[in-house]
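# Remarks on the overall topology
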Amino acid sequence: MRTSQNGPFFMSAPTASAAATHPDRPVHAIGVTSPMANAIRALAMDAVQAANSGHPGLPMGAADVATVLFTQFLKYDPAAPNWADRDRFVLSAGHGSMLLYALLYLTGYEAMTLDQIKRFRQLGSITAGHPEYGHVPGVEMTTGPLGQGFATAVGMAIAERHMAAAFGAPVVDHKTYVLASDGDLMEGISQEAIALAGHLKLNKLIVLFDDNGISIDGPLTLADSVDQVKRFEAAGWASWRIDGHDHKQIADALAKAQKSDRPVMIACRTTIGFGSPNKAGKSSSHGSPLGADEIKITREALGWSAAPFEIPADILKEWRKAGERSKAAHAEWDKRFAALDGAKRAEFTRRMKGELPKASLDAAVKAVKESLTATPKEIATRSASEFALESLVPAVPEMVGGSADLTGSNNTRTKSMKAMSAADFSGRFINYGIREHGMAAAMNGMTLHGGIIPYSGTFLVFSDYARPAMRLAALMGTRAIHVMTHDSIGLGEDGPTHQPVEHLAALRAIPNMRVFRPADAVETVECWQLALENATGPSVLALTRQNLPQLSKDFLSANRCAAGAYELVAASGKAQGKADVSIFATGSEVAIAVDGAKLLAEKGIAARVVSVPCFELLFAQPEATRRAIIGDAPVKIGVEAAIRQGWDAIIGSDGVFVGMTGFGASAPYKELYKKFGITAEAVADAAMKKLH
């Protein structure tokens, strides 16, 4: 018999029992349950069973927490999934995707139909095994790799505070909620995210920890004994425990969280696979279908008599009513937004759409190039980047920079940039601390939130620490710019631990990632322009520590780096396209290639030099353009202070490569270039040997 007690209506169900698998977490007796929460459980069971694949345990266990959040607290409008001031909900435990898909269907997101849920995990459906950003309205980000959602949500919360500082609370005033699993909190990235959020006092970030005490291998106690509440408290969070199946406790905790002056973590003790007589509280409910027989008795235990994929009309009506709960708030926001000054309203809209201020950006790039033409600079490309940023940052107000405790080395902070802090979120520079992974994830969150183009700095070798979040940005197709300096053995004395040799190839191997390695100050500003214009994926700027000559002396309004490669030096003494040798190089090795071509010219050999600042842009050109750039010289040489991997697409498998074959060494950089044979003389000798 249904009643209206305790929020969403409840009903009595037969009591089921299961053996406790954790000494501190007895499996909850089913007793009185919420039909609204049971609707989530039923859809999760049915979809996973139909797919014969998936994770029913988390949706069944976290259904009560999600029900209270979505029916009483979360601010959202299914009819306008991209409403700028909606609360963000991140399912960090992406394996429990059916929880989110069920919520989207039940609350009335048009794209999420029962047919899509029936096609869970099938080719062409929007209900992928893990939620994928851009496929489904209401999915704020792609999750699955544990810890990423949690850390990315920190970036969303930062973006909310920064945009509120820029445009005011009447326009920007929302929260970021995260549902996290024990796996999210065991991944190392979680500590970086917890510490950063606590330091910045991100009080609009609320994490709901699905504290079910179970991992794939069995009880969590097999591998972990951390008191997560104390861990979060130590980092400056407010944190406490509740019963994750008691709707009043959940609601009271969320109400308390609304008033916190710190980020909040609520440890919700739940039973994985709640309702299943034989699998509740056990790892067997985590990542496999319950099975037809178990689903039958689970339905009986929950008092759920509806057929598979069927939601009783009265329950669906209550859910749809919950989905309309924020329509009034949305309408009020529309009025406040309309009342803004016209210029401010237009600027907010532009930034949230991710559209660049083209006129000011183009003018800034032009000014930098004109300055370099008038006064050429022989500087490191990291310094050239800083020189460019002095003009770019004022021209593009949505740029928010940062560094992983290497600001003076990465040169990512301009003279005018104020640091962001808990007391003042209007700053445009973030001191991330030594947290490369958390930094990269937070950047993803800022981009996903909207209104910000994040960029950050670290050493190229430490891309290893940031790579999972960078890969996720590429998968989601989101703009984030990673300034990675000290890009080769050219960093010198710090030695092989800090000298990247395989990292350029590793980053180039990520689909939809653009890796820029500019040769001089002019190419650096051009690559910055291209990275900013790349709205559909992340970019890396690999920059030098050592000074480089400015090879481009004449002003050109066109961006020569846009094609990914261009002929910097034509072959002397030969008709165009009749060079004996084509030398391709990136970054600091372009100057070496130019000197090598001069040595060959002295021997009567016509060599052309092609600068290749971005492989990905070159490979994206039409075939005829690529062929024209690469040319048909009988000898092709690639020069890069890194490993050969990836170069054969340009020089061919029979091409000559002058670069690294192993790790570097500790010494002044000029000595290292000689030791490893990356010199103009080596380039010329390689060409001569190949020709003869």
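Presented here is a report on the structure given in the accompanying data block. These numbers come from a predicted model, not from an experiment. (Residues numbered from 1 in each chain as written. Predicted model: local features only at pLDDT ≥ 70, side-chain atom pairs only at ≥ 80, totals over all residues. Heavy atoms only, no water.)

### Considerations on the sheet that holds strand 3 (residues 88-91)
The following threshold applies: In this scheme, strands are said to pair when DSSP sees at least two bridges between them. Only DSSP runs of H or I reaching four residues or more are called helices, and only runs of E reaching two or more are called strands; each is numbered from the N terminus. Angles shown run from 0 to 180 degrees and are taken between the N-to-C directions of axes, each axis being a line fitted to C-alpha atoms and, for helices, limited to the stretch in contact. It only takes one pair of heavy atoms within 4.5 Å for two residues to be counted as in contact.
Judged by pairing direction, the sheet is parallel, and its five strands sit side by side in the order 3-4-5-9-8 without closing on themselves. Where the open sheet ends on each side, the last strands, each with one partner, are strand 3 and strand 8 (238-243). Sheet twist, expressed as the mean angle between neighbouring strand axes with direction ignored, is 15°. In terms of strand pairing, strand 4 (residues 176-180) meets strand 5 (residues 205-211) through five bridges, oriented parallel. Its bridge partner being in strand 5, Thr176 is matched across the sheet by Leu205. Against the sheet, helix 9 (residues 247-257) contacts strand 4, strand 5, strand 8 and strand 9 (264-269), and its axis sits at roughly 165° relative to strand 8.

### Thoughts on the packing of aromatic side chains
Put simply, the test is: Ring geometry is summarised as follows: Phe, Tyr and Trp rings, the Trp one being its six-membered ring, pair when their centres sit within 6.5 Å, and such pairs are stacked at plane angles under 30 degrees, edge-to-face over 60 and tilted between the two. Using a 1.4 Å probe on the protein chains alone, a residue whose accessible area is under 20% of its type maximum counts as buried, one over 50% counts as exposed, and one in between counts as partly exposed. Geometrically, a charge over a ring is one whose NZ (Lys) or CZ (Arg) sits within 6 Å of the ring centre while staying within 35 degrees of the ring normal.
Going through the model one piece at a time under the given rule, you end up with 17 aromatic pairs. Each ring, one from Phe150 and one from Phe232, has its centre 6.2 Å from the other, and the planes form 80°; the classification is edge-to-face. You can see Phe150 sitting in helix 5 (residues 148-167) and its partner Phe232 sitting in helix 8 (residues 228-234), a full 82 residues away along the chain. By relative accessible area, Phe232 is classed as buried at 0%. The rings of Trp83, Phe167, Trp333, Phe337 and Phe348 are connected pair by pair, giving a single aromatic cluster. Seen from the ring of Trp240, Lys256 lies directly overhead, with NZ or CZ sitting 4.1 Å from the centre. When the ring centre of Phe615 is taken as origin, the NZ or CZ atom of Arg508, which lies over that ring, is 3.8 Å away.

### Here we look at the pairing of strand 10 (residues 399-403)
For strand 10, the buried fraction is high: five of the five residues fall into the buried class. Burial along strand 10 is two-sided: the residues Met399, Gly401 and Ser403 and Val400 and Gly402 are all buried. When strand 10 meets strand 12 (residues 453-459), the two strands line up parallel, connected through two bridges. Counterpart to Met399 in the pairing with strand 12 is Ile453. The pairing of strand 10 with strand 11 (residues 429-431) spans three bridges and is parallel. Bridge assignment links Gly402 to a residue of strand 11, and that residue is Ile430.

### So, the packing of helix 1 (residues 35-51) against helix 2 (residues 57-73)
Rules: The scheme is simple: roughly parallel for angles under 35 degrees, roughly antiparallel for over 145, roughly perpendicular for 65 to 115, oblique for anything else. For a crossing to be left-handed, the near helix must be turned anticlockwise from the far one by less than a right angle; the clockwise case is right-handed. Throughout, the ten residues Ala, Val, Leu, Ile, Met, Phe, Trp, Tyr, Cys and Pro are labelled nonpolar, Asp, Glu, Lys and Arg are labelled charged, and all others, Gly among them, are labelled polar.
Relative orientation of the contacting elements helix 1 and helix 2 amounts to 135°, with a least axis distance of 8 Å. The orientation of helix 1 relative to helix 2 falls into the category oblique. Pair helix 1 / helix 2 crosses with right-handed handedness. Side by side, helix 1 and helix 2 meet where Met36, Ala37, Ile40, Arg41, Ala44 and Met45 of the first sit next to Pro59, Met60, Ala63, Asp64, Ala66, Thr67 and Thr71 of the second. By residue class, the composition of the contact of helix 1 with helix 2 is nine nonpolar, two polar and two charged.

### Some thoughts on the pairing of strand 3
Covered by surrounding structure in strand 3 are Arg88 and Val90 together with Phe89 and Leu91, the residues of both alternating faces. Pairing geometry for strand 3 and strand 4, over four bridges, is parallel. By the bridge assignment for strand 4, Leu91 is matched with Leu179.

The quantities given are spatial measurements derived from coordinates; they are silent on function.
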